[in-house]
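Breakdown of the fold
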Amino acid sequence: MAKLTVEDLQLDGKKVLMRVDFNVPISDDGTKVEDDNRIVAALPTIKYVIEHNGKAILFSHLGRIKKEEDKPAKSLKAVAERLSELLNKPVKFVPVTEGKELEDAINELKDGEVLLVQNTRYEDVKDGKYVKRESGNDPELGKYWASLGDVYVNDAFGTAHRKHASNVGIATNMPGKAAAGFLMEKEIKFLGDAVDNPQRPFVAILGGAKVSDKIGVIDNLLEKADKIIIGGGMAYTFYAAKGIKTGDSLVEKDKVDVAKKILDKAGDKLVLPIDNVVADKFDNDANTKVVEGDIDDGWMALDIGPKSIKEFENVLKDAKTVVWNGPMGVFEKPNFAKGTLEIGKFLGTLTNATTIVGGGDSTAAVKQLGVADKLTHISTGGGASLTYLEGKTLPGIAAISEK
Ligand code: AMP
């Protein structure tokens, strides 16, 4: 990778501005972090900075802020407390995003200490107006934040597909001194290598509800992958394009033509389910049966069937690189989770392959299964990893300095 990393920076005695992804679920009363995975994921870079005598000044967003009343429930205070427990040292929390209180706190910070700035999206609402200074990358804001430190480290892959003041804004105001953290570096390495330089055979598994969300990914991967397995709700728009009956299954009617074009272009690269678990209603307790091909009216496909699982495993067994994004069925309902779980389990057995899970629901599925630690890389960013798989430039990564 040609990007500057945290290991290339001089950190001793420096004010190190760090963009991390602490966008974690918080209890309704704002006092408790309900899932600290993302905080834990940022620890290696934070620890590296403070062990090298840097002053760590952390920035993150949390949720969306569109009006003044959104602010209290989206404070990062509880995150600072959890981070302090995880680091086993005090974390100074500053409840504002600009001004004297923040500047004084930064100036008082000693080497090796940690400070967390309030939610960067507090800047999106000023004096009751929705001005989007953070999420619209207001040039003055990026410049101001950059002026508070000496170097910059971006470890927030989850926001890399966005052009915000706290990632792109700060980085562009610190030319030559904006580096990737360890988490960011890992994401670029695994997703980048998989897409641009894969060990073959390279098989992609795409699932989830909608074709429309993944057309860009399919287009890009058709050029790069050896096979693309399609499961989940999106498979049935392809069924419709092939003239297979879909019954009451999820079909995006306005995308059937696009699906036809993809099928023409893909030839036998695209692998669709052979059979499906169909249900008479969208309910875990629905009546179900397994059918091959045509789905009758009154029935909807909510999971792939046993023959599809076998066929998908057959395509996957010799793969050297696998990228997976999106579930094979309505896996939140236990009676329709089997396809997703079996595929996840099978990926865990592919010890000679690089197996990458691209965030979102497929990540939840592999964690639920307990196979996450058998896979090579679980991406921390759903939207960002999809953008990567689409072959597009991620502004947050582009803004990091070259080595
Ligand atoms: P996505 O966010 O695009 O990855 O889609 C994930 C959602 O797709 C999950 O909530 C699944 O329940 C849903 N999904 C997967 N398969 C189906 C299906 N056959 N019919 C309806 N929804 C589905």
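Bear in mind the structure is a predicted one, so any value in this text is a computation, not a measurement. (Residues numbered from 1 in each chain as written. Predicted model: local features only at pLDDT ≥ 70, side-chain atom pairs only at ≥ 80, totals over all residues. Heavy atoms only, no water.)

Counting 48 residues, the largest nonpolar core has F157, I218, I228, I230 and F238 as the members making the most contacts within it. The set of elements that each furnish at least two residues to this core consists of α6 (182–196), β9 (202–206), α7 (215–224), β10 (227–230), α8 (235–242), α9 (256–266) and α13 (382–389). Tallying contributions element by element places α6 first for this core, with 6 residues. Inspection of this core shows a minimum of three residues originating in each of domain 1 (6–185) and domain 2 (198–389). Once residues lying within four places of it in the same chain are set aside, the contact partners of F238 are V211, I218, I230, A259, I262, L263, L270 and L272. If you look at the next biggest cluster of nonpolar residues, it comprises 34 residues, including I26, L43, L76 and L83. (Core = buried A, V, L, I, M, F, W, Y, C linked by side-chain atoms within 4.5 Å. Buried < 20%, exposed > 50% of the residue type's maximum accessible area, 1.4 Å probe, protein only. Helix = DSSP H or I, 4+ residues; strand = E, 2+ residues; numbered from the N terminus. Domains from an automatic or database assignment. Contact = heavy atoms within 4.5 Å.)

Bringing the packing of α6 against α13 into the picture now. Running from amino to carboxyl end, α6 crosses α13 at an angle of 30°, the nearest separation of the two axes being 10 Å. Taken as axis vectors, α6 and α13 run roughly parallel relative to one another. The hand of the α6/α13 crossing is right-handed. Across the interface between the two elements, I188, L191, G192 and V195 from α6 touch S385, Y388 and L389 from α13. Partitioning the contact of α6 with α13 into residue classes produces 5 nonpolar, 2 polar and no charged. (Axes fitted to C-alpha atoms, helices over the stretch in contact; angles between N-to-C directions. Parallel < 35°, antiparallel > 145°, perpendicular 65-115°, else oblique. Left-handed = near helix turned anticlockwise from the far one by under 90°. Nonpolar A, V, L, I, M, F, W, Y, C, P; charged D, E, K, R; others polar.)

Moving on: α6. Over its 15 residues, α6 extends 20 Å from the first C-alpha to the last, a length consistent with the 21 Å expected when each residue adds 1.5 Å. Buried within α6 we find L183, M184, E187, I188, F190, L191, G192, A194 and V195. (Expected span 1.5 Å × (residues − 1).)

Contacts to the ligand come from 15 residues, most closely from A209, G233, A301, E332 and D361. In the model, a nitrogen atom of the ligand is placed 3.1 Å from a nitrogen or oxygen of the G233 main chain. (Near = heavy atom within 4 Å. Polar contact = N/O pair within 3.5 Å; in protein donor to acceptor, adjacent residues only side chain to side chain.)

Looking now at the packing of α7 against α9. The angle between the axes and the distance between the axes are what describe a pair of packed helices. At a closest axis distance of 11 Å, the pairing of α7 and α9 adopts a crossing angle of 10°. On the basis of their axis angle, the class for α7 and α9 is roughly parallel. Together, I215, I218, D219, L222 and E223 of α7 and V258, I262, K265 and A266 of α9 make up the contact between the two elements.

Residues lying three or four places apart along an α-helix face the same way, a consequence of the helix completing one turn every 3.6 residues. All of the buried residues in helix α12 (residues 361–369) are S362, T363, A365 and V366. Each buried residue of α12 sits inside an arc of 160° when the element is viewed along its axis, so together they form one side. Where α12 is buried, its residues contact β15 (321–325), α11 (338–349), β16 (354–357) and β17 (377–378). Looking at the residues trailing α12, positive phi occurs at G370, about 75°. (Arc of directions from axis to C-beta.)

Attention now goes to unusual backbone geometry. In this model, R200 is joined to P201 through a cis peptide bond whose omega is -5°. Tracing the backbone shows P201 in the loop between α6 and β9. In this model, N53 sits at a positive phi of 65°, which is unusual for a non-glycine residue. Along the chain, N53 falls in the loop between α1 (37–51) and β2 (55–59). Judged by its relative accessible area of 35%, N53 is partly exposed. Backbone geometry at N137 places phi at a positive 50°, although glycine is not the residue there.

Strand pairing in a sheet relies on backbone hydrogen bonds, with the paired strands running either antiparallel or parallel. Strand order in the open sheet made by the 6 strands is β3-β4-β2-β1-β7-β8, with parallel pairing throughout. The sheet is open, and its two edges are formed by β3 (91–94) and β8 (178–180), each paired on a single side. Strand-to-strand twist of the sheet, defined as the mean angle between neighbouring strand axes without regard to direction, takes the value 25°. Where strand β7 (residues 151–154) and β8 come together, 3 bridges link them in parallel fashion. For V153, the partnering residue across the bridge sits in β8 and is A179. Here α1 sits on the sheet in contact with β1 (15–19), β2, β4 (114–117) and β7, set at roughly 180° to β1. (Pairing = 2+ DSSP bridges.)

A few words now on the pairing of β9. With 5 of 5 residues buried, β9 lies mostly within the body of the structure. Residues F202, A204 and L206 point to one face of β9 and V203 and I205 to the other, with burial holding for every one of them. Both β9 and β15 contribute to a ladder of 5 bridges, which runs parallel. Its bridge partner lying in β15, L206 is registered against N325. Two strands pair when backbone bridges link them, and β9 and β10 are joined in this way by 4 bridges, in the parallel orientation. Considered in β10, the bridge of A204 is made with I228. Handedness of the crossover joining β9 and β10 through α7: right-handed. (Right-handed = clockwise from strand over helix to strand, strands pointing away.)

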